[in-house]
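Residue-level structure breakdown
Letter by letter, the chains look like this.
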Amino acid sequence: MTGSGLPGAGIADITVVSSFTCSGPLGIKMTATAGHLPWGVNASGYDAATDATTGTLTGVSLHWSGLGNTDDFDGPGGAGSGTGTIDAAYVNGTHQLRLSGGNLRTYNTAGTFLGLINDGDAWNFTTTLNVTPAQTIRPDGVPG
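My aim in this report is to walk through the structure given alongside it, one point at a time. Residue numbers restart at each chain and count upward from 1, following the sequence in its written direction. With pLDDT at 70 or above as the cut-off, local features in this predicted model cover only qualifying residues; side-chain atom pairs require 80 or more to be listed or tallied, and sums for whole chains, interfaces and linings still use all residues. Heavy atoms throughout the structure, all of them, feed into the side-chain values; hydrogens and water do not.

1. Brief notes about the environment of Ala-134
- With respect to the element layout, Ala-134 can be found in the segment after β10 (127-130).
- Sequence separation between Ala-134 and Asp-119 is 15 residues, and the spatial gap between their C-alpha atoms is 36 Å. Segments assigned H or I by DSSP are reported as helices when at least four residues long, segments assigned E as strands when at least two residues long, and all are numbered from the N terminus.

2. As for the packing of aromatic side chains
- Two rings belonging to Phe, Tyr or Trp (six-membered ring only in the last case) form a pair when the distance between their centres is within 6.5 Å. Interplanar angles under 30 degrees mark stacking, angles over 60 mark edge-to-face geometry, and anything in between is tilted. Counted by the stated rule, this structure contains five aromatic pairs.
- An angle of 80° between the planes, with centres 6.0 Å apart, marks the rings of Trp-64 and Phe-125 as edge-to-face. Taken together, the positions of Trp-64 in strand β5 (residues 52-66) and Phe-125 in the loop between β9 (105-110) and β10 put the pair 61 residues apart, joining distant regions of the chain. Phe-125 shares its class with Trp-64; the two are buried.
- The rings of Trp-64, Phe-73, Trp-123 and Phe-125 are connected pair by pair, giving a single aromatic cluster. Three labels apply to residues, based on accessible area from a 1.4 Å probe with only protein chains included: buried if under 20% of the type maximum, exposed if over 50%, partly exposed otherwise in between.

3. Remarks on unusual backbone geometry
- Residue Pro-38 follows Leu-37 across a cis peptide bond; omega there is 5°.
- Mapped onto the elements of the fold, Pro-38 is located in the loop between β3 (29-35) and β4 (39-47).
- With an omega of -5°, the peptide bond between Thr-132 and Pro-133 qualifies as cis.
- Note on placement: Pro-133 falls in the segment after β10.
- Non-glycine residue Asp-51 carries a positive phi angle of around 55°.
- Relative to the helices and strands, Asp-51 resides in the loop between β4 and β5.
- By relative accessible area, which is 17% here, Asp-51 ends up buried.
- A positive phi angle, close to 50°, is found at Leu-67, a residue other than glycine.
- One can find Leu-67 in the loop between β5 and β6 (69-74).

Structural data, given as structure tokens:
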């Protein structure tokens, strides 16, 4: 969606998420792959001091793999259901999306996590992703 006067819920869809590497327990490097796209973008607030719009991503589903370990992350509907949500903040000046919090849980945990990750564990991904092409997300009437 583009334009002005858009509602906060469903302002956009994320249709492509490149796989990314992150660190799991004990610093184990894992590759995260998005599933169940598109993810919905919902705006709920704006901070003029940081020029950031806050809200949630909905429909989130992720798969993690690396060093013989695998795990699925999703919301209460289970692996691959696309019922996950993640809290988000988009910073206009840097064109970065900061993710943390939400309702993700682990499913289909397999490998040598040594009991540090188990099916049903609540999970908090915290990361910052670059958004391309760059977007500007602000309430109407806020100069940019």
